[in-house]
Amino acid sequence: MALTAMDVKQAKGSEKPEKKTDGGGLYLYVQPNGSKYWRLDYRFEGKRKTLAIGVYPDVSLADARAARDAAKKLLTTGEDPSSSQTKKAKKQIRLIESENSFQALSREFHELKSPMWSAGHAKQWLVNMERYAYPVLGELLISEIEPMPILKVLKVLEGEGKFETRDRLGQSIGAVFKYAIATGRTRFNPAAEIRTALAARPRELNFACINPDELPTFLNAITQYESKERTSVVAMAALRLLMLTATRTSEVRFARWEDFDLAKALWVIPEDQQGRKGKQGRRKAHTVPLSKQALRILKNLQAITGNGDQVFPNRNDPTRVISENTVLKIIEGIGYKGRMTGHGFRSLARSILGEMGHRREVLEAMLSHSIENPTEAAYVRTTYLKERQSIMQIWADHLVDEEGKYGQSKHVVTTLPGHHDSNPKKKVA
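Residues numbered from 1 in each chain as written. Predicted model: local features only at pLDDT ≥ 70, side-chain atom pairs only at ≥ 80, totals over all residues. Heavy atoms only, no water.

Participant: How should I be thinking about the overall build of the chain in this particular structure?
Facilitator: Across its full length, the chain carries 17 helices and nine strands. In the chain, buried positions account for 45% of the 429 residues. A separation threshold of at least 6 residues defines the contact pool for the chain, and within that pool the share at least 24 residues apart is 62%. (Helix = DSSP H or I, 4+ residues; strand = E, 2+ residues; numbered from the N terminus. Buried < 20%, exposed > 50% of the residue type's maximum accessible area, 1.4 Å probe, protein only. Contact = heavy atoms within 4.5 Å.)

Written out as structure tokens, the structure is:
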């Protein structure tokens, strides 16, 4: 049934692009955001082709029909209407459609968000888009993109073993679609369910860790890196808290403000925290004493993220937490790739504090390790909280001097008689 002028005027966008046919191959292509494009499907030399006639309301229904009739007339003479379309019309259509392309929307999003990002992150975000996403997605209309082209982009990175880049780019692409939905350019986020079709990242069985005598140099490198503002305040705070508390990376990432009692200097990591899995199922709840240095970090961070639930929210989606590679990225950025990991701070704390002479059972409790010996476990009825409070402050003082500078500590690691750990470099889980 042919369209009427009122049909065209009242046509509204739905969840996905919709065709409203007029006859003779002519149809109105309505985008989810309400944009309307005139298109003509025809066959030339046995091949199906589409002619872009123009954009409503610049091109009315009567104009579109006239263009259809003119195109049909050209076909009868053996001429392809697409090659005969005027340069002016083609330029107008390309201009209008380019404003709603994935590349245009992603650059618009980048311009909006980059002032809130570190300079390094803003630059890398755009580099990844230009290098991997734009060649496949760049010129496509944001409202016409389906999951498969996005999956294609991410699978290439996966095949090259670039899992970190794959995950970061997937997150960035998803953020662009959320922005497009919020600004009325589309109603569908094809990146939302992509992760179910991606392979899991390979786990490293051994956690790289520097030697204790390398710690001052490492900490100084972190301070220099921070002074150049190469990463966000939130990311750096996550690294600092990880160092000071000797907790697991996942425990820091999924930390919530409700888990902290800053007045009592305690952090209670709940049993049901996401990612808390032990050998026999979930780990037990774990109380972490907070040093003065750790409290300082958290109190400063409250002004930035304290209005939300997450202590370390994701910069693109505050309802999510920072990536598992956030800390690792900083470590790699200072030149310690393959030599140190976020988990390595647990090994360092265990080794250095053991060398200082602190009791093995207290250090194991500090690391939230379960007691392997069932007989020994049956008799342990304490978490050594008082002793651990003292140890956590000693560890923080070893990392940070009186002025709050990392890597400047004058504390000397000494071994007390009878308390030497026979295996200070053993893997810490």
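Back to the write-up after that little detour.
Participant: What exactly am I supposed to notice about the nonpolar core here?
Facilitator: Note that soluble globular proteins tend to have their nonpolar side chains buried in a common cluster. The biggest cluster of nonpolar side chains holds 59 residues, and the ones touching the most others in it are Phe 218, Trp 267, Leu 290, Phe 312, Phe 345 and Trp 395. At ten residues, the largest contribution of residues to this core is made by helix α10 (residues 233-245). When residues no more than four places from it in sequence are discounted, the contact partners of Trp 267 are Leu 241, Thr 245, Thr 247, Glu 251, Val 252, Ala 255, Asp 259, Phe 260, His 286, Thr 287, Val 288 and Leu 290. The next biggest cluster of nonpolar side chains, apart from the first, holds 29 residues, and it includes Phe 102, Ile 145, Leu 157 and Val 176. (Core = buried A, V, L, I, M, F, W, Y, C linked by side-chain atoms within 4.5 Å.)

Participant: Any chance you could explain the sheet that holds strand β1 (residues 18-23) here in plain terms?
Facilitator: Backbone hydrogen bonds hold the strands of a sheet together, and the pairing may be parallel or antiparallel. Ordered in space as β1-β2-β3-β4, the four strands form an open sheet in which the pairing is antiparallel. Each edge of the open sheet carries a strand with a single partner, namely β1 and β4 (47-56). Taken over all neighbouring pairs, the strand axes of this sheet differ in orientation by 30° on average, direction set aside. Where strand β3 (residues 36-44) and β4 come together, nine bridges link them in antiparallel fashion. (Pairing = 2+ DSSP bridges. Axes fitted to C-alpha atoms, helices over the stretch in contact; angles between N-to-C directions.)

Participant: Would you explain the side chain of Gln 273 in this entry?
Facilitator: Following the sequence through the fold, Gln 273 ends up in the loop between β6 (266-269) and β7 (277-278). Of the polar contacts made by the side chain of Gln 273, one reaches the backbone oxygen of Phe 254; its length is 3.5 Å. (Polar contact = N/O pair within 3.5 Å; in protein donor to acceptor, adjacent residues only side chain to side chain.)

Participant: How should I be thinking about the pairing of β6 in this particular structure?
Facilitator: Each regular strand carries side chains that alternate between the two faces of the sheet. Sheet topology places strand β5 (residues 260-261) next to β6; two bridges connect them, and they run antiparallel. Bridging from a neighbouring strand, Phe 260 pairs with Trp 267 of β6. Connecting β5 to the antiparallel partner β6 that follows it, the hairpin turn spans four residues, and Ala 265 within it adopts a positive phi of roughly 60°.

Participant: What's the story with the sheet that holds strand β9 (residues 286-289) in this structure? I'm lost.
Facilitator: The strand order across the open sheet built from three strands is β5-β6-β9, with neighbouring strands paired in antiparallel fashion. Strand pairing shows two members of the sheet lacking a second neighbour, β5 and β9, which therefore form its edges. Where helix α17 (residues 385-399) meets the sheet, its contacts fall on β6 and β9, and the angle it forms with β9 comes to roughly 45°.

Participant: It is not clear to me how helix α14 (residues 344-356) should be interpreted in this structure. Could you clarify?
Facilitator: Because the α-helix completes a turn every 3.6 residues, residues three or four places apart line up on one side. Between its first and last C-alpha atoms α14 spans 18 Å; for 13 residues at 1.5 Å apiece the expected length is 18 Å, and the two agree. α14 sits mainly inside the fold: 13 of its 13 residues count as buried. Of the residues trailing α14, Gly 357 is marked for its positive phi of about 105°. (Expected span 1.5 Å × (residues − 1).)

Participant: Sorry if this is basic, but what is going on with the packing of aromatic side chains here?
Facilitator: Two numbers describe a pair of aromatic rings. These are the distance of the centres and the angle of the planes. The final tally for this structure, using the stated rule, is nine aromatic pairs. With 6.4 Å between their ring centres and 80° between their planes, Tyr 27 and Tyr 29 make a pair best called edge-to-face. Ring geometry for Phe 102 against Phe 177: centres 6.0 Å apart, planes inclined by 35°, an arrangement best described as tilted. Of this pair, Phe 102 sits in helix α5 (residues 102-113) while Phe 177 sits in helix α8 (residues 163-182), and the two are 75 residues apart along the sequence. Judged by relative accessible area, which is 0%, Phe 177 ranks as buried. (Phe/Tyr/Trp six-rings, centres within 6.5 Å; stacked < 30°, edge-to-face > 60°.)

Participant: What should I look at first to understand the packing of α10 against helix α12 (residues 292-305) in this one?
Facilitator: Across the interface, α10 lies against α12 with an axial gap of 10 Å and an inter-helix angle of 155°. Between α10 and α12, the crossing angle belongs to the class labelled roughly antiparallel. Here α10 runs over α12; the crossing is left-handed. Contacts between α10 and α12 involve Val 233, Val 234, Ala 237, Arg 240, Leu 241 and Leu 244 from the first element and Gln 293, Ala 294, Ile 297, Leu 298, Leu 301, Ile 304 and Thr 305 from the second. Residue classes in the contact of α10 with α12 are distributed as ten nonpolar, two polar and one charged. (Parallel < 35°, antiparallel > 145°, perpendicular 65-115°, else oblique. Left-handed = near helix turned anticlockwise from the far one by under 90°. Nonpolar A, V, L, I, M, F, W, Y, C, P; charged D, E, K, R; others polar.)

Participant: Explanation requested: the environment of Ser 390 in the structure shown.
Facilitator: Looking at the element boundaries, Ser 390 is found in helix α17. Looking at Ser 390, the relative accessible area reads 40%, which means it is partly exposed. For the pair Ser 390 and Ser 291, spaced 99 residues apart in sequence, the C-alpha to C-alpha distance is 8.6 Å.

Participant: I'm lost on helix α2 (residues 61-76) in this one. Help?
Facilitator: Over its 16 residues, α2 extends 23 Å from the first C-alpha to the last, a length consistent with the 22 Å expected when each residue adds 1.5 Å. Within the sequence span of α2, burial applies to Leu 61, Ala 64, Arg 68 and Ala 71. In an axial view of α2, the angular spread of the buried residues amounts to 85°, which keeps them on one side of the axis. Residues of α2 that are exposed and point more than 90 degrees away from the buried face comprise Ala 62, Lys 73 and Thr 76. Immediately downstream of α2, the backbone of Gly 78 shows phi near 85°, a positive value. (Arc of directions from axis to C-beta.)

Participant: Would you explain unusual backbone geometry in this entry?
Facilitator: Leaving glycine aside, a negative phi is the common case for residues, and trans is the common case for peptide bonds. In this chain, Tyr 56 is followed by Pro 57 through a cis amide linkage whose omega measures 10°. In this fold, Pro 57 is placed in the loop between β4 and α2. Residue Glu 45 is not a glycine yet carries a positive backbone phi of 55°. For Glu 45, the position within the fold is in the loop between β3 and β4. In the Ramachandran plot, Ala 246 falls in the positive-phi region, its phi being about 55° despite a non-glycine side chain. Looking at the secondary structure, you find Ala 246 in the loop between α10 and α11 (249-253). Judged by its relative accessible area of 0%, Ala 246 is buried.

This is a description of form; function is not addressed.
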